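Fold and contact review
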Amino acid sequence: MNSRTAHVQVLVLVLTLVGVGPASALAAEPADLPALERAWHSCVREAYDSQQDRGSRAGRERNALDECTSHEDAYVAALMATRPGDADADVNGWART
């Protein structure tokens, strides 16, 4: 199993867990999307800066992203929770958004 597959599986799990909770809890406490995005970006910057300069830049970037998947997952789940569900929208249309 490659890294991308693992990320997709974790994202599906997070989205499933978000969908299990009561909708009123999500409505009562909306996520602070800018704060979640800043936390994710700062995690990636810190993880990238803490690595040694050995290896390729792309490899260091992947490693930094791998270290911060929990921040990314929380941001994406909150972002998706704020979007209204459209029963008529197809899956490919959702993916483009």
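Heads up: the structure comes first, above all this text.
Here goes a summary of the coordinates provided. Quick caveat: nothing in here was measured; it's all calculated off a predicted structure.

1. Quick look at the overall build of the protein chain
A count of helices and strands for the protein chain gives six helices and zero strands. If you list the helices and strands of the protein chain from N to C, you get α-α-α-α-α-α. When each of the 97 residues of the protein chain is scored for burial, the buried share is 16%. Across the protein chain, every contact between residues at least 6 apart in sequence was considered, and the portion connecting residues at least 24 apart equals 58%. By element, 57% of the accessible surface of the protein chain is carried by carbon and sulfur atoms, the whole surface being about 7,300 Å².

2. Observations regarding the side chain of Q51
Structurally, Q51 is set in the loop between α3 (33–49) and α4 (57–67). There is a polar contact of 3.1 Å between the side chain of Q51 and the backbone oxygen of R60. Those residues within four positions of Q51 in sequence are excluded, and the remaining contacts are R60, N63, A64 and E67.

3. Quick notes on the pattern of salt bridges
Per the counting criterion, the structure on display carries one salt bridge. The salt bridge partner of E61 is R57, with a shortest N-O separation of 3.1 Å. Highlighted residues: E61 and R57, both in helix α4, separated by four residues, approximately one helical turn. The exposure class assigned to E61 is partly exposed, which follows from its relative accessible area of 35%.

Calculation notes
- Numbering of residues starts from 1 in every chain and runs along the sequence as written.
- Totals for whole chains, interfaces and linings use every residue, but because this is a predicted model, local features are given only for residues with pLDDT of at least 70 and side-chain atom pairs only at 80 or more, for both listing and counting.
- Note that water and hydrogens are dropped before the side-chain values are worked out from all heavy atoms of the structure.
- Comment: elements are numbered from the N terminus, with helices defined as DSSP H or I runs of at least four residues and strands as E runs of at least two.
- Only protein chains enter the area calculation, which uses a 1.4 Å probe; residues under 20% of their type maximum are buried, those over 50% are exposed, and those in between are partly exposed.
- Here, two residues are considered to be in contact whenever any of their heavy atoms come within 4.5 Å of each other.
- Throughout, the Shrake-Rupley method with a 1.4 Å probe supplies accessible areas, and for residues the shown protein chains are the sole cover considered.
- We call two N or O atoms a polar contact when they sit within 3.5 Å, provided that within protein one can donate a hydrogen and the other can accept it, with sequence-adjacent residues counted only if both atoms are side-chain atoms.
- Between Lys or Arg on one side and Asp or Glu on the other, a salt bridge is scored when a side-chain nitrogen of the former is within 4 Å of a carboxyl oxygen of the latter.

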